[in-house]
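Each chain, written out:
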Amino acid sequence: MFTSIEGRSVVVTGASRGIGFGIASTFASAGAKVLISGRDADGVRSAVSRLADQGYEVFGRTVDVADRSSCDELAAYAVEVMGGIDILCANAGVFPSVRLSDMTPEQLEEVLGINLKGTVYAVQACLPHLQSCGHGRVIVTSSITGPITGFPGWSHYGASKAAQLGFIRTAAMELAPHKITINAVMPGNIVTEGLDGMGQDYLDQMAASVPLGSLGDVADIGHAALFFATDEAAYITGQTLVVDGGQVLPESVEALQEI
Ligand code: NAP
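For every chain, the first residue of its written sequence is number 1, and the numbers climb from 1 along that sequence. Totals for whole chains, interfaces and linings use every residue, but because this is a predicted model, local features are given only for residues with pLDDT of at least 70 and side-chain atom pairs only at 80 or more, for both listing and counting. Hydrogens are left out, water is left out, and the side-chain values use all remaining heavy atoms of the structure.

Caption draft 1: Region of interest: the nonpolar core. For the purposes of this section, nonpolar cores are sets of buried Ala, Val, Leu, Ile, Met, Phe, Trp, Tyr and Cys residues that join through side-chain atoms within 4.5 Å. Whether a residue is buried, partly exposed or exposed follows from its accessible area with a 1.4 Å probe, protein chains only, as a fraction of its type maximum: under 20%, in between, or over 50%, in that order. Residues V11, L35, L88, V138 and I182 are the most contacted members of the largest nonpolar core, which totals 36 residues. For the purposes of this entry, the term helix denotes a DSSP run of H or I that reaches at least four residues, the term strand denotes a run of E that reaches at least two, and both are numbered from the N terminus. Where this core is concerned, the elements lending two or more residues are α3 (68-82), β4 (87-90), α4 (105-133), β5 (137-141), α5 (155-175) and β6 (181-187). Apart from residues no more than four positions distant in its own chain, L35 is found in contact with V10, V11, V12, F59, G60, R61, L74, Y77, A78 and M82. Only heavy atoms matter for contacts: two residues are in contact if any of them lie within 4.5 Å across the pair.

What follows is the structure, encoded as structure tokens:
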């Protein structure tokens, strides 16, 4: 149905675990070459070997997306090992919790520096290569938190995730003449290693707030990203796709109980 993305070169930031690893795994299993990146070298190495063991063409490189020159080095390495960059999945992000009354300038800077500036830097670094391939794709991992919902302790995080959407709308216009599209996936609550140890009761409670009755899987986000990367999605840019099992739909607790 969809044109194969086999052989395309994909850079995924924040792919050593969680959603980024799910995105990397989805693209690798679709036949793409994938560069996995994150700050921790051991994390990157082990993610690469998990996918390489399945026979996929994967590479690894450390990066701190909050540092523009580190993003430039990542892009240069991608070109060295994969021959170019067709697709960037700007996924790296952090979500430390702190109430507004206690938030320090450093804590605000950390979250905006990685989630917002890191997205912009990764796009800027990959841009010349996305441009030269003639069909460049950028997929940003935003969130429902910020653009649609709120959660105490995450005002800085929510601001960074909403800001990513402001960024893609103008970036989409600037990139359009180069046939590069940029879109965002907005995950709801996705099961990742970060939830390990929270206990089954907590997971059950979270799942109960989702109309489809379960938390999301990293592959759910991977498939949404893969769709935006296809040739068939070439006419979609500056858009967002909520992948949350319907979590943002109930207008009240009662509405949820009526299901
Ligand atoms: P995660 O499991 O903590 O993974 C985050 C990834 O980003 C790791 O690979 C981490 O590796 C990397 N990373 C963090 N800071 C980085 C930096 N400065 N430079 C490069 N890599 C960095 O988190 P996740 O839940 O998968 O979240 C991934 C993305 O999805 C984030 O943008 C998050 O906002 C978004 N999201 C998640 C959910 C959810 O339910 N999980 C929901 C909505 C949105 P290192 O620590 O080694 O750098």
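Caption draft 2: Layout of the pattern of salt bridges. Each reported salt bridge corresponds to a side-chain nitrogen of Lys or Arg within 4 Å of a carboxyl oxygen of Asp or Glu. This structure, assessed with the given rule, holds four salt bridges. One salt bridge connects D231 with R8, and the closest N-O pair in it is separated by 3.1 Å. With D231 in the loop between α7 (218-229) and β7 (240-243) and R8 in the segment before β1 (9-12), this pair connects stretches of sequence that are 223 residues apart. Residue D72 is joined to R68 by a salt bridge in which the shortest nitrogen-to-oxygen separation is 3.0 Å. You can see D72 and its partner R68 sitting in helix α3, four residues apart, about one turn around the helix.

Caption draft 3: Representation of the layout of surface pockets in the model. Each cavity reported here is a set of points on a 1 Å grid over the protein atoms alone in which a 1.4 Å probe fits but cannot get out, each pocket an open set with protein on both sides within 12 Å along at least five of seven lines, and each lining residue one with an atom within 4 Å of a point. Grid points are joined across faces, edges and corners, and a volume is the space filled by probe spheres set on the points. Its volume calculated, the largest pocket comes out at about 1300 Å³. The wall of the largest pocket is formed by 45 residues, among which I19, G93, F95, Y157 and T192 lie closest to the centre. Among the elements of the structure, α1 (18-29), α5 and α6 (200-208) are those that each provide at least two residues to the lining of the largest pocket. Per-element accounting of the lining of the largest pocket gives the leading share, three residues, to α1.

Caption draft 4: Fine view of the site of the ligand. Note on definitions. A residue lies near a molecule or strand when any single heavy atom of the residue is within 4 Å of it. What surrounds the ligand is a group of 28 residues, the closest being S16, I19, R39, N91 and Y157. In protein, a polar contact requires one atom able to donate a hydrogen and another able to accept it; more generally it is a pair of N or O atoms within 3.5 Å, and residues adjacent in sequence count only if both atoms are side-chain atoms. Contacts to the ligand include S16, whose side-chain N or O atom sits 2.6 Å from an oxygen atom. With respect to the ligand, the backbone of V63 contributes an N or O atom lying 3.5 Å from a nitrogen atom. Taken by itself the ligand offers 880 Å² of open surface, and the protein chains cover 93% of this. Counting only elements with at least two residues in the shell around the ligand, the list comes to α1 and α5. Residues that form the shell around the ligand fall into these classes: 11 nonpolar, 12 polar and five charged. Shrake-Rupley sampling with a 1.4 Å probe provides the accessible areas, and residues are treated as covered by the protein chains on show and by no other component. Residues are grouped as follows: Ala, Val, Leu, Ile, Met, Phe, Trp, Tyr, Cys and Pro are nonpolar; Asp, Glu, Lys and Arg are charged; all remaining types, including Gly, are polar.

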